[in-house]
Amino acid sequence: MLNSLRTKLTLSMLITSLAAISVMALITPWLLEQRFISEAKDVHFKRFVLAIEEFRQEHGEWGGLQSALLINQYLSSRPARNLPPPGRRPPHPNPPASSLADNFRFVLADQQGYIFLPFFEYELGQQLTTEQLQQATPLWSGGELVGYALSGGELPLTEQDKSYLMIQSRSMLIGAAAGLAVTLLLSLTMGSQLVKHMRALTRAAIEMSKGNLNQRVQVAGKDEVALLAREFNRMAQELSNTYAELKASNETIKAQAEALQELSLRDELTGLHNRRYFNQQFRMLHHQAIRYQDTLALALGDIDNFKQINDRYSHQIGDAVLKQVAALMQEEIREADILARYGGEEFVILMAHTDKHQAEGLVDRVRAKVEAWPWEKLAKDLQVTISFGISDKLDSDLGHSMLVEADNRLYQAKDLGRNRVCA
Ligand SMILES: Nc1nc2c(ncn2[C@@H]2O[C@H](COP(=O)(O)OP(=O)(O)OP(=O)(O)O)[C@@H](O)[C@H]2O)c(=O)[nH]1
């Protein structure tokens, strides 16, 4: 479950969003409060400077302990005025300790930097250092520098301020939570789309690995996944084309090899199997016959006086006779028998599950057929006969004695006047 791409995507989006919302929840209210306090101080300070200006216009006196007392009296007697946000409290020009818990107050110094309205660590008559003067706000009147003002202490928040800040923080959190929900929803939708395409690609790749090369996936859009899908389809197409070409060329090679093999085992003139083929089959059938105590007969045939046919009628007629004898023998033998051209005008018939008496009947039919064929078709007065010698002798000598015996019987047939079968 955790390994699924969809879960990983959702989890990563969830973690990122939660981290973002946590940061917002912790940092944003603090930043908001700091900003709020800083602006409130600013407003108080401006208000204070304004009040001091008014004091100067009313009293004209400025600097020294006497004016400090007057200023304090003047500021205490002034009514609070409403100021615009963020300083929501009605600001006191220099808020007294009682109302602001001794916290946020102002300090005044004359144009030489000598403090005449002290507070905090600033004492009466103390001169401000260069550093303190840089932090202080210069007070101008009629284009002339009349003194410096400094603020200090912390400005505590009122209940109203706190609730204002709370509302702000809550609104931000609610906004962030809504953002998180939308992000999650979007990531789920996009994730499921992505997962759907990735699954289709995976399924197609698995099918291809099983050999089903004709795989295509749907391409939607122009993003990386679509690019991957397009490349996958192109690769699958190329692979299936190459495979088809390879298969076709393989089949051609196989057919050619088979044809070559067949040719190497055939006699060119008669189309019968040749002696090599006969040898292979004879070795195998002879071995099986001995092993299973079966019968096997072999007949050697030789066209009678073939030399005379060649001499009298020509070599071409001799070839035609060979072909015709082969065809007649082919017609007569059984499907399971093996017929081959053994040498020049010699033929061999191999008969499995057959003894020499059964073979004699079959071979004699072949002999009679050859004798009866109308040879005048090939040449005037042409007569063709054939003699056979048969053996079914099974010895453990790879068929040697069977061949020798068949050959001896063939000689016997020739000696006895030809056109006969000796078994
Ligand atoms: N036309 C032709 N003649 C062949 C072919 N192969 C062998 N011969 C000839 O066949 C003849 C065989 O003659 P011999 O072995 O003397 O035997 P025969 O004349 O048949 O006499 P017997 O076997 O005793 O009846 C030879 O003249 C060979 O040249 C062939 O493919 N075509």
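Computed from a prediction, not measured in an experiment: that's the story for all the values here.

### Remarks on the overall build of the protein
Phase 1 of the analysis: A count of helical and extended segments in the protein gives eleven helices and nine strands.
Phase 2 of the analysis: Counting the 423 residues in the protein, one finds 23% classified as buried.
Phase 3 of the analysis: The long-range share in the protein, meaning contacts at least 24 apart out of those at least 6 apart in sequence, stands at 63%.

### A short note on helix α11 (residues 400-415)
Phase 1 of the analysis: Here α11 is 16 residues long and its end C-alpha atoms lie 23 Å apart, about the 22 Å a rise of 1.5 Å per residue gives.
Phase 2 of the analysis: At its buried positions, α11 is contacted by β5 (296-303), β8 (386-391) and β9 (421-422).
Phase 3 of the analysis: Of the residues trailing α11, Gly 417 is marked for its positive phi of about 115 degrees.

### Examining helix α6 (residues 224-264)
Phase 1 of the analysis: Helix length check: α6 (41 residues) gives 58 Å between terminal C-alpha atoms against 60 Å at 1.5 Å per residue, within 8%.
Phase 2 of the analysis: Counting buried positions over the 41 residues of α6 gives two, only a small fraction of the element.

### Description of the UniProt feature "coiled-coil region" (unreviewed entry) in the protein
Phase 1 of the analysis: According to UniProt, the "coiled-coil region" (unreviewed entry) feature falls on residues 229-266.
Phase 2 of the analysis: The annotated region residues 229-266 carries 95% helix and 0% strand content, and the separation between its end C-alpha atoms amounts to 54 Å.

### Description of the site of the ligand
Phase 1 of the analysis: In the vicinity of the ligand there are 16 residues, among which Asp 304, Phe 306, Lys 307, Gly 318 and Gly 344 approach most closely.
Phase 2 of the analysis: Residue assignment for the shell around the ligand shows that the elements contributing at least two residues are β5, α8 (306-313) and α9 (315-332).
Phase 3 of the analysis: It is α9 that provides the largest number of residues to the shell around the ligand, a total of four residues.
Phase 4 of the analysis: Among the residues making up the shell around the ligand, the classes are represented as four nonpolar, five polar and seven charged.

### Considerations on the pairing of strand β3 (residues 137-141)
Phase 1 of the analysis: Alignment of β3 against strand β4 (residues 144-152), held across five bridges, turns out to be antiparallel. The residue of β4 that forms the bridge with Pro 138 is Tyr 148.

### Section: the packing of helix α5 (residues 159-209) against α6
Phase 1 of the analysis: At a closest axis distance of 11 Å, the pairing of α5 and α6 adopts a crossing angle of 15 degrees. Considering their axes alone, α5 and α6 lie roughly parallel with respect to each other. Judged by the twist between their axes, the crossing of α5 over α6 is left-handed. On α6, the residues that touch Leu 194, His 197, Leu 201, Ala 204 and Met 208 of α5 are Val 225, Leu 228, Ala 229, Phe 232 and Ala 236.
Phase 2 of the analysis: Of the residues in the contact of α5 with α6, the class split is nine nonpolar, one polar and no charged.

### What to know about the sheet that holds strand β6 (residues 338-341)
Phase 1 of the analysis: Strands sit in the order β6-β7-β5-β8-β9 across an open sheet of five strands; the sheet is mixed. The open sheet has two free edges, formed respectively by β6 and β9, since each of these has just one partner strand.
Phase 2 of the analysis: In this structure, β5 lies alongside β8, joined through six bridges in antiparallel fashion. From the neighbouring strand, Asp 302 faces β8, where its bridge partner is Ser 387.
Phase 3 of the analysis: Running at roughly 175 degrees to β6, α9 makes contact with β5, β6, β7 (346-352) and β8 of the sheet.

### Section: the pairing of β5
Phase 1 of the analysis: With eight of eight residues buried, β5 lies mostly within the body of the structure.
Phase 2 of the analysis: Side-chain alternation along β5 places Leu 296, Leu 298, Leu 300 and Asp 302 on one buried face and Ala 297, Ala 299, Gly 301 and Ile 303 on a second face that is also buried.
Phase 3 of the analysis: Here β5 runs beside β7; their pairing, made up of seven bridges, is antiparallel. Its bridge partner being in β7, Leu 298 is matched across the sheet by Leu 350.

### A look at unusual backbone geometry
Phase 1 of the analysis: In the Ramachandran plot, Arg 418 falls in the positive-phi region, its phi being about 70 degrees despite a non-glycine side chain.
Phase 2 of the analysis: In the Ramachandran plot, Asn 419 falls in the positive-phi region, its phi being about 50 degrees despite a non-glycine side chain.
Phase 3 of the analysis: A tally of 18 C-beta atoms within 10 Å means that Asn 419 is categorised as partly exposed.

What counts as what
Residues numbered from 1 in each chain as written. Predicted model: local features only at pLDDT ≥ 70, side-chain atom pairs only at ≥ 80, totals over all residues. Helix = DSSP H or I, 4+ residues; strand = E, 2+ residues; numbered from the N terminus. Buried ≥ 20, exposed ≤ 12 C-beta atoms within 10 Å, placed from the backbone. Contact = placed C-beta atoms within 7 Å. Expected span 1.5 Å × (residues − 1). UniProt positions renumbered as here; feature names shortened; annotations may be inferred. Near = placed C-beta within 6 Å. Nonpolar A, V, L, I, M, F, W, Y, C, P; charged D, E, K, R; others polar. Pairing = 2+ DSSP bridges. Axes fitted to C-alpha atoms, helices over the stretch in contact; angles between N-to-C directions. Parallel < 35°, antiparallel > 145°, perpendicular 65-115°, else oblique. Left-handed = near helix turned anticlockwise from the far one by under 90°.

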